[in-house]
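Close look at the chain arrangement
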Amino acid sequence: MHRNLDSSGLHLFLLGRYSEANKIFNFILSNQPNDIYALCNRAATNLKLELFRQCIKDCDSVLSLQKNNQRAHVEKGKALYALNKIDEAKQVWMEGSTMFGDVYMYEELQSLLNQTNRPLDTGQKIPDCNPKLHTDQMASSAIAARGLVQHGVGRTEIDEKIAFGYLQVNTGNLLKGIAIFNDLIKTDPKIIAAYLGRGTSLALQGQLQMAINDFTSAIEIQPTCVDAWKRRGQSRAANGLDNEALQDLTHALDLQKDADSFQQRGLVLYKMKNFNKALMDFKSAATTDPTNKFSWNHMGLCLNVTGYPLQAIEAYKKALEIDPNLKEALVNTAQAYKDYGDFPNAESFFTKALDKDPTYVHGYQMRGLARYAVGKHKDALSDLKRCLDIDPQHKECRLMSGVIKQGMGMFRSAIADYDISVNVHDDQTGWYHREVALFIQKKLDQPWGSVNLDIDLDPQFREGMCKRTHPAVISNNPDL
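Basis of the calculations
- Residues numbered from 1 in each chain as written.
- Predicted model: local features only at pLDDT ≥ 70, side-chain atom pairs only at ≥ 80, totals over all residues.
- Heavy atoms only, no water.
- Helix = DSSP H or I, 4+ residues; strand = E, 2+ residues; numbered from the N terminus.
- Expected span 1.5 Å × (residues − 1).
- Buried < 20%, exposed > 50% of the residue type's maximum accessible area, 1.4 Å probe, protein only.
- Contact = heavy atoms within 4.5 Å.
- Phe/Tyr/Trp six-rings, centres within 6.5 Å; stacked < 30°, edge-to-face > 60°.
- Lys NZ or Arg CZ within 6 Å of the ring centre and 35° of its normal.
- Axes fitted to C-alpha atoms, helices over the stretch in contact; angles between N-to-C directions.
- Parallel < 35°, antiparallel > 145°, perpendicular 65-115°, else oblique.
- Left-handed = near helix turned anticlockwise from the far one by under 90°.
- Nonpolar A, V, L, I, M, F, W, Y, C, P; charged D, E, K, R; others polar.
- Salt bridge = Lys/Arg side-chain N within 4 Å of Asp/Glu carboxyl O.
- pLDDT = per-residue confidence, 0-100.
- Core = buried A, V, L, I, M, F, W, Y, C linked by side-chain atoms within 4.5 Å.

Over its 13 residues, helix H13 (residues 226-238) extends 19 Å from the first C-alpha to the last, a length consistent with the 18 Å expected when each residue adds 1.5 Å. Along H13, 10 of the 13 residues are buried, which leaves the element largely enclosed by surrounding structure. Within the sequence span of H13, burial applies to Val226, Asp227, Ala228, Trp229, Lys230, Arg232, Gly233, Ser235, Arg236 and Ala237. Packed against the buried residues of H13 are helix H11 (192-204), helix H12 (208-221), helix H14 (242-255) and helix H15 (259-271). One or two residues past the end of H13 sits Gly240, with phi positive at roughly 85°.

This is the structure we're talking about:
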């Protein structure tokens, strides 16, 4: 169990999620207080979190157990340096550099000493000789040395390359990751991890069919590899192959009942509008891993769409207990309250979400639609304007902005929005709305009793608007 936790902590650290990584290392050390790797890792996260004294304390614990640990000398020196104890930092680094150990650590200690010998600038930051080398190569070596490489082959040299490739993918260096996995496949075409790593990189680049091919190769090498079935299912879903994705994810669940596979299959079912089956999968995911905030959030979506807003709100609250800053759950809670008819609570939760992220376009869009539904057109228009200020290319907000303006009698401005919908987004719904707006605008000077849209508009046009027929199909457009 601790081996898996340690691997998760390292992964979170490399993603920059230091507080979460720190919690994992705290848990490990509560059970194994003398675990040197966990102490070093917690020292590193404390340093990133600027908890310098706690970092020094962890390093001292390591050095009491293993006095020649160079990594502890590096981290302790950096913490002392940050506290402006420059001489003490240099002394720690000098002590570390005199000890026999890892060449990479020796290189970093020497570089740190060289940097501190330069004149000190006001506000000088902690010196870091090569952060990429430190975080990638050292983490890869540490993971491989402890046998924590997922789908490793048990040979340290190969496992280090696999771990290094994984880290490149996880930190966004996709091309470098692909190059590493290409070399591994040339060395040994049977390394499953290489296909999984390269396939993941390709999927993140949008090269879904090539990713599917790599995951298929991994399955052919080892038909019981859960990750291969799961990732091929995810890639197929992203590529629009929903039925094939369901088959893959179901096969993954046949091999191993894990929360992520339930979650991924639930997402595919939700996309296919099979909400009841999706709900069952999200419930299974939450049961398997009660801390998965996304499972609770998606459970709420299924409940709300099937007519159970109050139960949906309870699911969203579970997600928010896990992460109070989950803006998606805040907006979904607001939407559920709105569907239940409790607009004051809906408004409150929309505001909470937008306070968390003032650039959250979806939040403004949903609040705008909710305000429009209760007749607050000016407020709704204000929200949609905010959406378009942040994302001028937002298709739905542009169209809805035109609809609201038309309803408020702002025909010129509405038509301008419709023009963008038609000319930029090729939105056929926008075309119909624009034609109606132009028609009404021409009739504004006439007595309204003499205007009847049901009679004046061409029947073929009205039918096309209701059926969302493409305008090109309309052969006899109304005389506007």
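Bringing the packing of aromatic side chains into the picture now. Evaluation of the coordinates by the stated rule reveals eight aromatic pairs. Ring centres 6.0 Å apart and planes at 55° place the aromatic pair Trp431 and Phe461 in the tilted group. Pair noted here: Trp431 is in helix H25 (residues 428-442) and Phe461 is in helix H27 (residues 459-467), with a separation of 30 residues, a long-range link. Like Phe461, Trp431 is buried. Over the ring of Trp296 we find Lys318; its NZ or CZ atom is 5.8 Å from the centre of that ring. The lysine or arginine in question, Lys327, covers the ring of Tyr360, its NZ or CZ lying 4.5 Å from the ring centre.

On to the side chain of Asp281, then. Within the secondary structure, Asp281 sits in helix H16 (residues 275-288). Apart from the residues lying within four places of it in its own chain, the contact partners of Asp281 are Phe262, Arg265, Gly266 and Leu269.

Okay, the packing of H11 against H13 next. The geometry of H11 relative to H13 is characterised by a closest axis approach of 11 Å and an angle of 15° between their N-to-C directions. Between H11 and H13, the crossing angle belongs to the class labelled roughly parallel. Between H11 and H13 the crossing geometry is left-handed. Across from Leu196, Thr200 and Ala203 in H11, the residues of H13 making contact are Asp227, Ala228, Arg231 and Ser235. Residue classes in the contact of H11 with H13 are distributed as three nonpolar, two polar and two charged.

Right, let's talk about the pattern of salt bridges for a bit. The full count for this structure, using the stated rule, is 22 salt bridges. A salt bridge links Asp60 to Lys76; the nearest nitrogen and oxygen atoms lie 2.7 Å apart. Residue Asp60 is found in helix H4 (residues 52-65), and its partner Lys76 is found in helix H5 (residues 70-82); the two are separated by 16 residues along the sequence. A residue is classified by how much of its surface remains accessible, and Lys76, at 17% relative accessible area, is buried. Among the ionic pairs, Asp417 bridges to Lys405, the shortest N-O distance being 3.0 Å. Here Asp417 is found in helix H24 (residues 411-423), whereas its partner Lys405 is found in helix H23 (residues 395-407), with 12 residues between them in sequence. The exposure classification of Asp417 matches that of Lys405, with both residues buried. One salt-bridge network, in which partners are shared between bridges, spans Asp227, Lys230, Asp258 and Asp260.

The next thing to look at is the confidence of the model for the protein. Mean pLDDT over the protein: 85, with 89% of residues reaching 70 or higher. Counting interchain partners and residues more than four positions distant, the pLDDT-below-50 stretch residues 128-134 has 18 contacts.

Let's shift gears to the nonpolar core. Counting residues in hydrophobic clusters, the biggest one holds 63 residues, and the most contacted among them are Met299 and Phe350. Look past the residues within four positions of Phe350 in its chain and what remains in contact with it is Val331, Ala334, Gln335, Gly363, Met366, Arg367 and Ala370. Membership of the second largest hydrophobic core comes to 33 residues, among which are Cys40, Ala43, Cys55 and Val74.

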